[in-house]
Each structure stands twice: as structure tokens, then as C-alpha cells.
Amino acid sequence: MIKAGIIGATGYAGSELVRLLLGHKETEIVWYGSRSYVDKRYADIYQNFFKLVDAKCMDDNMEALADEADVIFTATPQGLCASLINEGILSRAKVIDLSADFRIKDVKKYEAWYGIPHKAPQYIEEAVYGLCEINREEIKKARLVANPGCYPTCSTLSIYPLLKEDMIDSSTIIIDAKSGTSGAGRGAKVDNLFCEVNENIKAYGVASHRHTPEIEDQLGYVCGQEVLINFTPHLVPMNRGILVTAYASLKKEVSYEEVKAAYDKYYEKETFVRVLDRDVCPQTKWVEGSNYVDVNFKIDPRTKRIIMMGAMDNLVKGAAGQAVQNMNLLFGLKETEGLLQIPMVP
């Protein structure tokens, strides 16, 4: 059995990790870390785990945790993992960080976008970006995995085949994205109150959202050159889900069959990326509660552009599910273990 510890177990992503790992045949949770709820029963915080989890919350002592766990998940705010990690910890346990601390390779870029100094820049180059469908082989050999952000996961997977096949002009990419409110975390914020969110939709982080450089970096690696995008996220009144609608100019006239072949080339054998049938647009309700990403496209010959679409659950494939997928790769398990939940409808 793989012994897993979670720091930040009482956030939304942390509780989703608990839910998925409890259903994982090869894993035992040995540490429910939460600085805010030390010594409080985990099931008293999340009653859905009543009679399923008897453990009490522990602190974020990563040194002690590394002696007990084979893998450590850090579902924490930016900066915490980098402030705690060291060579001793990495020599004893694998670390999968769900924050942005090790996603961006340029330290100055990270510090500029996140507004905090990086506490462990010596590990940035070593960290592997944990987008399993693209970096699978590198992940298998890693000690430290930077679990991707939710918007970057959906955006990159939606765009990747066409950028990789040089079908689109990387300088023309525009990404419009929508997310459910759980993407903002469990902390109390006025903007997330029911009366603020219900019957409302709004753009936020316009031209300044922190996932922008992460998306640009990943798309840049795909095409081998710097990519600058317009990325605009929106908050919608639902619990879960991300919908990405991305636009780009085509480099040449293409047929539906040519574009579909590009998507199939990269995703036909991927369990968790589903390329939908012609003219079927992705919807968040068809992936809710699952690790699946639904993608599709629409060619617009009138404007010589293409619309690339993706939908996924921000807490599963966008956070905890992808982290478990990374764990499976790190320990040589079947990649789908613990992750084949059928999407919930309604």
C-alpha cells in the first residue's frame, strides 16, 4: 500500500483528494494535514466522511510527514510548499504540489505574477509539470511534480493538437474561460457569497490572471517559441466545472477530417480526454465529478479561424484527480486506478 499524506486536506482540492484516495485500492491516507483545524476530527469538518474517516487533522509538519508517507500532496496556497520542501524530504517521499510554486520555470516571472519571493528556486528546474497526457514519461521519473492549474489544464489540452501540428497561428490565440465557484477555494470572501454569485456572471483577473503565464509557458513548449495570449476567466454560479472556448487563426485551409485526425492522433488512446462527435459542444455537466476532459472544435471558414473547446471538473482533472493520476505514474500503477468515476448527472 502507498502511504499518502495531504497537507491542506480541508480545502476543496484537499477534500477531493481524500474522496478519491479513499476509493483507491493501492493507497492509505496516513496524514490529514490542516493548520486551521489541528486535532479536530476530519469528519466534523466534512460530514460526507462521517463513519468513513475517523482521523483527526494534523499540522503541516512536512519533515515528520516524510517519515510516514511515500507521497505527499500539498493542496495549499502559493508559497507554502516552497517554504517547507528540502532535500531531506525529497529523499524520503515523492511530492505532488497542487499550488503554482513549481509550475513556472522563470523565477522572476513567478514572483512578478504571484507577488511573493520564491523560497526554493533550486527545485524549479527539477520539478516536472504534471500534465499526464503530455509529460507522462518525465513524470514517471520525478521526485517533485508540479500539478497543473485548472484553467491551464483545460486550455492546453483543448489547443495542444492543433498547435503541435502547426495548424494555428500561436500569436492569435484568445482564451475565454468560465469556472464554478469552488475554483476560488473554501476561504470566506465577499465575492463568493451566494448573493454575489447567484444569478450573476462576471469576468475577473482580466489581462492579469495568474494562470496566464502558466498557459503561455505550456503552449510555448508545444510550438517551440514564445506565446502571448489574451486569457479572460469568468465566474459562473455553479459549484464545479470549467468551460474553455479558445480561438485562433488557421495557417491554411483545413477540413473537418484533417482537424479531427490531429485530435485523434494525440488523444485516441487517452482514457481521460474524450474527443466528442462532430458538432457536439462540450458541457460541464457531462464531466462533473470525473477525471474526464471533453474537447471538440469548430472551423469557421468565414473568418479563417477555429474555435477549440474543452470542459472538465476543476476539482478533479483540474486538481485532485490529476494529482492522483500523477501519483499512479510515479509509483508504476495503472494510470486510471481510482479515477474511473462516471460523471454525475444531474
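Computed from a predicted structure; not experimentally measured.

Notes on unusual backbone geometry
Okay, so step 1: Across the junction of V345 and P346, the peptide omega takes the value -5 degrees, indicating a cis bond.
Okay, so step 2: Of note in the backbone geometry, D166 takes a positive phi value of approximately 60 degrees without being a glycine.
Okay, so step 3: Note that D166 resides in the loop between α8 (150-164) and β7 (174-179).
Okay, so step 4: Exposure remark for D166: the relative accessible area of 47% places this residue in the partly exposed category.
Okay, so step 5: Of note, K304 is a non-glycine position whose phi angle comes to about 60 degrees, a positive value.
Okay, so step 6: Structurally, the position occupied by K304 is in the loop between β12 (293-300) and β13 (305-312).

As for the pairing of β12
Okay, so step 1: Across 3 bridges, strand β11 (residues 273-275) lies against β12 in parallel orientation. Looking at the pairing, V273 lines up with V293 of β12.
Okay, so step 2: Relative to β13, β12 runs antiparallel, the two being bridged by 8 bridges. Bridging from a neighbouring strand, V295 pairs with G310 of β13.
Okay, so step 3: Hairpin connection, β12 to β13: the antiparallel pair is bridged by 4 residues, and K304 has positive phi, about 60 degrees.

What to know about the packing of helix α1 (residues 12-22) against helix α12 (residues 316-330)
Okay, so step 1: Where α1 meets α12, the closest approach of the two axes is 9 Å, and the angle between their N-to-C directions is 45 degrees. The angle between α1 and α12 places the two elements in the oblique class. The two elements α1 and α12 cross, and the hand of that crossing is right-handed. Only V316, A319, A320, G321, A323, V324 and M327 of α12 make contact with α1, whose side of the interface consists of A13, E16, L17, R19, L20 and L21.
Okay, so step 2: Residue composition of the contact of α1 with α12, by class: 10 nonpolar, 1 polar and 2 charged.

Some words on the sheet that holds β13
Okay, so step 1: The 7 strands lie next to each other as β8-β9-β7-β10-β13-β12-β11, forming an open sheet whose pairing is mixed. Two strands bound the open sheet, and with one partner strand each, they are β8 (202-203) and β11.

Let's talk about the side chain of S290
Okay, so step 1: Following the sequence through the fold, S290 ends up in the loop between β11 and β12.
Okay, so step 2: A polar side-chain atom of S290 sits 3.2 Å from the main-chain amide nitrogen of Y292.
Okay, so step 3: Not counting the four nearest positions on each side in its chain, S290 is found in contact with D313, V316, K317, Q341, I342 and P343.

Topic: the UniProt feature "domain: Semialdehyde dehydrogenase NAD-binding" (unreviewed entry) in the chain
Okay, so step 1: Following the UniProt record, one finds the feature "domain: Semialdehyde dehydrogenase NAD-binding" (unreviewed entry) at residues 3-142.
Okay, so step 2: Structurally, residues 3-142 comprises 36% helix and 16% strand, and the distance from its first C-alpha atom to its last is 17 Å.

Side note on the UniProt feature "active site" (unreviewed entry) in the chain
Okay, so step 1: Summarizing the sequence annotation, UniProt attributes the feature "active site" (unreviewed entry) to C150 in the numbering used throughout.
Okay, so step 2: Residue position: C150 is located in helix α8.
Okay, so step 3: Residue classification places C150 among the buried residues on the basis of a relative accessible area of 12%.
Okay, so step 4: Those residues in contact with C150 that lie beyond four places of it in its chain are H211, I242, M312, N314 and G318.

Concerning α8
Okay, so step 1: The terminal C-alpha atoms of α8, which comprises 15 residues, lie 21 Å apart, in line with the 21 Å expected from a rise of 1.5 Å per residue.
Okay, so step 2: Where α8 bends most, at S158, the angle is about 35 degrees, and the proline P161 comes one to four residues later.
Okay, so step 3: Of all the 15 residues making up α8, 14 are buried; the element is thus mostly covered by neighbouring parts of the structure.
Okay, so step 4: With its phi angle positive at about 60 degrees, D166 sits one or two positions after the end of α8.

Describing the pattern of salt bridges
Okay, so step 1: Taken as a whole and assessed by the stated rule, the structure comprises 23 salt bridges.
Okay, so step 2: One salt bridge connects R274 with D294, and the closest N-O pair in it is separated by 2.7 Å. With R274 in strand β11 and D294 in strand β12, this pair connects stretches of sequence that are 20 residues apart.
Okay, so step 3: Residue R274 is classed as partly exposed on the basis of its relative accessible area of 30%.
Okay, so step 4: In this structure, a network of salt bridges that share partners links the residues E16, R19, R240 and D313.

About the cut-offs
- Residues numbered from 1 in each chain as written.
- Predicted model: local features only at pLDDT ≥ 70, side-chain atom pairs only at ≥ 80, totals over all residues.
- Heavy atoms only, no water.
- Helix = DSSP H or I, 4+ residues; strand = E, 2+ residues; numbered from the N terminus.
- Buried < 20%, exposed > 50% of the residue type's maximum accessible area, 1.4 Å probe, protein only.
- Pairing = 2+ DSSP bridges.
- Axes fitted to C-alpha atoms, helices over the stretch in contact; angles between N-to-C directions.
- Parallel < 35°, antiparallel > 145°, perpendicular 65-115°, else oblique.
- Left-handed = near helix turned anticlockwise from the far one by under 90°.
- Contact = heavy atoms within 4.5 Å.
- Nonpolar A, V, L, I, M, F, W, Y, C, P; charged D, E, K, R; others polar.
- Polar contact = N/O pair within 3.5 Å; in protein donor to acceptor, adjacent residues only side chain to side chain.
- UniProt positions renumbered as here; feature names shortened; annotations may be inferred.
- Expected span 1.5 Å × (residues − 1).
- Bend = angle between axes of the 7 residues up to and from the residue.
- Salt bridge = Lys/Arg side-chain N within 4 Å of Asp/Glu carboxyl O.

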